[in-house]
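Structural description and commentary
Spelled out, the chains give:
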Amino acid sequence: MIVGVPKEIKNNESRVGMTPAGVFELVKNNHTVYVQSGAGDGSGFFNKDYQQAGATILDTIGQVYAMSEMIVKVKEPIAEEYDLVQEGQIIFTYFHFASSEPLTKAMIKQKGICIAYETVEDEEGTLPLLTPMSEVAGRMAIQQGAKYLEKPAKGRGLLLGGVPGVAPGKVLVLGAGVVGIQAAKMAAGLGAHVTIMDVNMKRLRYVNDVMPPHVVTDFSNEYSIRKHIKTHDLIVGGVLLKGAKAPNLITRDMLKEMRPGTVIVDVAVDQGGCVETTKATTHEDPIYIIDDVVHYCVANMPGAVPYTSTVALTNVTLPYVLKLANLGWQSACEKDKSLQKGLNIIEGKVVYKEINEAFNWDTPVLV
Ligand SMILES: NC(=O)C1=CN([C@@H]2O[C@H](COP(=O)(O)OP(=O)(O)OC[C@H]3O[C@@H](n4cnc5c(N)ncnc54)[C@H](O)[C@@H]3O)[C@@H](O)[C@H]2O)C=CC1
Ligand SMILES: CC(=O)C(=O)O
Ligand SMILES: [Mg+2]
């Protein structure tokens, strides 16, 4: 198969969909790999590294899309890329369709085979291609939250860990999944008091078992969320309903209940966010303020630490890339039920029901 690796063009996105190690494996399996010039620069992988591994470097993104049967990338195509997608071409990347009707309609129109990293799901129900980026984003949520709690950054002016004689800050984590647990761990490490909420008792039991005593669990419901937001300094949104629009656990009216300078880091922004006032931001302009509450809603948080993120991501995507290249998408998805769950749109047809539900499309949409 001919596999193409374009350069990411989303704001401040320096990850790349394949490392030279991935190129080496594909070439060893008799595949051809085209890499756009400079695609890996931001992650520390240069043209010569890809060439030594057996790739051919192409100058433009247009050439990579036009010459490849499968595109392997990181983020969803942005508007400038929509028309580059070819009929029948496999696009293997994060899509987060439920949060973007324009992207969904564009991919329906282009008739590609859209396989979404974030819905590849193993037998235990975990998401192997989302997990490493959730680990990165969960940890980053506390770094970013701590920074925006500083006064010059518009926060409450509070040091999360406190100092002797001054109590530490309080962190509320919504969702005890991968993002939530990593965030809780980092916050606890700084000495903050942490409350972590979920609707899944198994997750809460696990957290209760493994975390230190200053991390407490609470069952997630509106009543308890309304109570906690009044006293917590940093709120991390880490809920997920697989492939679906995230539920709005914090509604607009609740912002008035928070203290001025409270910071919300809504990591779930890529699935639409779990805060009603969430709208996606970029690393260039990461925050905005509503009712004195700082909102940090960067949809590609791991893009800011590309050295860590590219390697963590490609470690888990490469086995699937190899399967797709060796077998073709139909046979690969028939043989591997985890990969089959990644199929979101096939040649103009949405095949993941949560996407239709997100847009109230009762019947297949015609574009
Ligand atoms: N902004 C960014 O750069 C990034 C965003 N993400 C996003 O972060 C989100 C979370 O991802 P993961 O932690 O991997 O998911 P996960 O599936 O491991 O955890 C989600 C948790 O949310 C819980 N949940 C569902 N409904 C809830 C409710 N009403 N109240 C409280 N908890 C509830 C689930 O029970 C589950 O434990 C996803 O939307 C993911 O795409 C992940 C990586 C990077
Ligand atoms: C998961 C995701 O959206 C990201 O890594 O950017
Ligand atoms: Mg207020």
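Residues numbered from 1 in each chain as written. Chains lettered and ligands numbered in written order. Predicted model: local features only at pLDDT ≥ 70, side-chain atom pairs only at ≥ 80, totals over all residues. Heavy atoms only, no water.

1. Some remarks on the site of ligand 1
Within the structure, ligand 1 sits among 31 residues, and S134, V179, D198, S220 and M301 are positioned closest to it. Interatomic distance of 3.3 Å between a backbone N/O atom of A299 and an oxygen atom of ligand 1. Contact with the protein chains hides 89% of the accessible area of ligand 1, taken as 860 Å² for the molecule alone. Those elements giving two or more residues to the shell around ligand 1 turn out to be α6 (131–148), α7 (178–190) and β8 (193–198). Examining the composition of the shell around ligand 1, we find that three residues originate from one element, α6, more than from any other. Partitioning the shell around ligand 1 into residue classes produces 19 nonpolar, nine polar and three charged. (Near = heavy atom within 4 Å. Polar contact = N/O pair within 3.5 Å; in protein donor to acceptor, adjacent residues only side chain to side chain. Areas by Shrake-Rupley, 256 points an atom, 1.4 Å probe, with all protein chains shown as cover. Helix = DSSP H or I, 4+ residues; strand = E, 2+ residues; numbered from the N terminus. Nonpolar A, V, L, I, M, F, W, Y, C, P; charged D, E, K, R; others polar.)

2. Here we look at a nonpolar patch on the surface
Residues L159, V163 and V166 make up a contiguous nonpolar surface patch of roughly 280 Å² in combined accessible area. Its location among the elements puts V166 in the loop between α6 and β7 (170–174). (Patch = residues over 30% accessible without salt bridge, like charges linked within 9 Å, V, L, I, M, F, W, Y side chains within 5 Å. Salt bridge = Lys/Arg side-chain N within 4 Å of Asp/Glu carboxyl O.)

3. Some words on the nonpolar core
One finds V171 and V236 to be the most contacted residues of the largest nonpolar core, which totals 75 residues. Counting the residues that make up this core, at least three belong to each of domain 1 (2–120 + 305–359) and domain 2 (131–304). In this view, V236 contacts A141, I142, V171, L172, V173, L174, V179, A183, V265 and V267; residues no more than four positions away in its chain are not counted. (Core = buried A, V, L, I, M, F, W, Y, C linked by side-chain atoms within 4.5 Å. Buried < 20%, exposed > 50% of the residue type's maximum accessible area, 1.4 Å probe, protein only. Domains from an automatic or database assignment. Contact = heavy atoms within 4.5 Å.)

4. Considering the site of ligand 2
Inspection of the region around ligand 2 gives R15, K75, Y94, H96, L130, M133, D270, A299, N300 and P302 as its neighbouring residues. Note that an oxygen atom of ligand 2 is positioned 2.7 Å from one of the side-chain N or O atoms of R15. Isolated, ligand 2 exposes 220 Å² of accessible area, and the fraction of that covered by the protein chains is 95%. Each residue belonging to the shell around ligand 2 can be placed in one class, and the counts come to five nonpolar, two polar and three charged. When residues are assigned to domains, the shell around ligand 2 turns out to be shared by domain 1 (2–120 + 305–359) and domain 2 (131–304), each giving three or more.

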